[in-house]
Amino acid sequence: MDILGDPRRSLGTSQTEAPLRTDVTLPVTYCTLSMEASNANSSSDAPVLVGVLGGLGPAASALFAQLVVDEGEKGATKDSDHPPMLMYNNPQLPNSRAAAIGEGPSPREGMAETFRRLLRAGASHVCVVCNTAHAFARDAAKDAGAEFLDMLNLTADHVVHRLREMQQNGEGGAANGDAGAAPLRVGLLSTDGTIKLNLYQDAIKEAAKKQLGDEAAVEVLVPDDLSVTQGCILR
């Protein structure tokens, strides 16, 4: 089963007609987690306040902020029902993609200092609105002593859970555990740095092992020509 369409397809660049499912939206995972955590701690002396490292790039952070509002509107009846959030847009950090492929300095130190500023402003958790930046943000959060909400792991957990639901509902593929069953398939479209560092591949392996008992139960398909998706993302 392939959530991009026909399970016999690869992600070769000639197969642009494959339908793309949009039921997994990365930043919404943060919105939902933030609101659930805020609700769970509503009577606590230490309420959850998510500090967001944004600006990587600025347009992605603007979209994320709008998604937080949109997600909050689903259950909010007044302004105070929305989750509190801090955002520090810091586009001056070294480029994560360039650093990931060895063409620029690491942003880790700058990320750690940004997280420290968010903590000083009152954040209880931190996150970053950039996939490739996770290659450095995880260690940066440790450097800053901050509790990190990991978008890659959260998304991988959601993807594998969704694939399992689709499988159980007969939307494609053999039931897990069937003899000779082909692995579930998910298509990955991202920057070349994210793909080359296996950031999502590793996260999905871990999620598959945790939820399905086998890290090989989910196959991650990537484009044959990374320049195609790279061009779409950066244009």
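Everything that follows concerns the structure shown earlier in this document.
Chemist: How should I be thinking about the nonpolar core in this particular structure?
Modeler: Among soluble globular proteins, nonpolar side chains are generally buried collectively. Formed by 21 residues in total, the largest nonpolar core has its most connected members in Val160, Leu163, Val186, Ile204, Leu212 and Val218. Of all the elements in the fold, those that place two or more residues in this core are helix H6 (151-168), strand E4 (184-187), helix H8 (199-212) and strand E5 (218-221). At seven residues, the largest contribution of residues to this core is made by H8. Val126, Phe136, Ala141 and Ala146 belong to the second largest nonpolar core, which has 20 residues in total.

Chemist: Where do I start with the packing of H6 against H8 in this structure?
Modeler: How two helices sit against one another is set out by the angle between their axes and by the gap between those axes. Viewed as axis vectors pointing N to C, H6 and H8 meet at an angle of 50 degrees, and their least axial separation amounts to 8 Å. Looking at the two axes, H6 sits oblique to H8. Here the hand of the crossing between H6 and H8 comes out right-handed. Contact with H6, carried on its side by Met151, Leu152, Asn153, Thr155, Ala156, Asp157, Val160, His161 and Arg164, involves Leu199, Tyr200, Ala203, Ile204, Ala207, Ala208, Lys210, Gln211 and Leu212 of H8 and no other residues of that element. Of the residues in the contact of H6 with H8, the class split is eleven nonpolar, four polar and three charged.

Chemist: In this structure, what is going on with a negative patch on the surface? I would like to understand it.
Modeler: On the surface, Asp202, Glu206, Asp214 and Glu215 cluster together into a negatively charged patch. Within the secondary structure, glutamate 215 sits in the loop between H8 and E5. According to the relative accessible area criterion, glutamate 215 is partly exposed, its value standing at 40%.

Chemist: Where do I start with the sheet that holds strand E1 (residues 50-54) in this structure?
Modeler: Sheets are built from strands paired through backbone hydrogen bonds, the pairs being either parallel or antiparallel. Reading across the sheet, the three strands line up as E2-E1-E3 and stay open at both edges, with parallel pairing between neighbours. Whereas interior strands pair on both sides, the edge strands pair on one side only; in this sheet they are strand E2 (85-89) and strand E3 (125-128). Adjacent strand axes in the sheet meet at a mean angle of 20 degrees when their direction is disregarded. Bridge analysis of E1 against E2 gives five bridges, and the strand direction is parallel. The partner of valine 52 across the bridge, within E2, is methionine 87. Relative to the sheet, helix H2 (residues 58-73) contacts E1 and E2, its axis offset from that of E2 by approximately 170 degrees.

Conventions and cut-offs
- Numbering of residues begins from 1 in every chain and follows the order in which that chain's sequence is written.
- Only residues with pLDDT of at least 70 get local features here, since the model is predicted, and only at 80 or more are side-chain atom pairs given and counted; chain-wide, interface and lining totals rely on the full set of residues.
- Note: side-chain values were computed over all heavy atoms of the structure, leaving out hydrogens and water.
- Nonpolar cores were defined as sets of buried Ala, Val, Leu, Ile, Met, Phe, Trp, Tyr and Cys residues, with membership established by side-chain atoms within 4.5 Å.
- Exposure is judged per residue with a 1.4 Å probe applied to protein chains only, and the accessible area is read against the type maximum: over 50% gives exposed, under 20% gives buried, and values in between give partly exposed.
- Secondary structure is summarised from DSSP: a helix means a run of H or I of at least four residues, a strand means a run of E of at least two, and numbering begins at the N terminus for each.
- Axes, fitted as lines to C-alpha atoms, cover a helix only where it is in contact. Angles between the N-to-C directions of the axes lie from 0 to 180 degrees.
- Comment on the angle field: the value is read as roughly parallel under 35 degrees, roughly antiparallel over 145, roughly perpendicular from 65 to 115, and oblique elsewhere.
- Helix crossings fall into two classes, left-handed where the near helix is turned counterclockwise from the far one by less than a right angle and right-handed where it is turned clockwise.
- Contact criterion: two residues are considered in contact whenever any of their non-hydrogen atoms come within 4.5 Å of each other.
- Residues are grouped as follows: Ala, Val, Leu, Ile, Met, Phe, Trp, Tyr, Cys and Pro are nonpolar; Asp, Glu, Lys and Arg are charged; all remaining types, including Gly, are polar.
- Note that patches include only residues with greater than 30% relative accessible area and no salt bridge, and the join distances are 9 Å for like charges and 5 Å for nonpolar side chains (Val, Leu, Ile, Met, Phe, Trp, Tyr).
- Every accessible area reported is derived by Shrake-Rupley at a probe size of 1.4 Å, with residue values counting cover from the shown protein chains alone.
- Within this document, salt bridges are pairs made up of a side-chain nitrogen of Lys or Arg and a carboxyl oxygen of Asp or Glu, the two lying within 4 Å of each other.
- Charge assignment: positive for Lys and Arg, negative for Asp and Glu; neither His nor the chain ends contribute.
- The atoms used to mark charge sites are NZ of Lys, CZ of Arg, CG of Asp and CD of Glu.
- In this scheme, strands are said to pair when DSSP sees at least two bridges between them.

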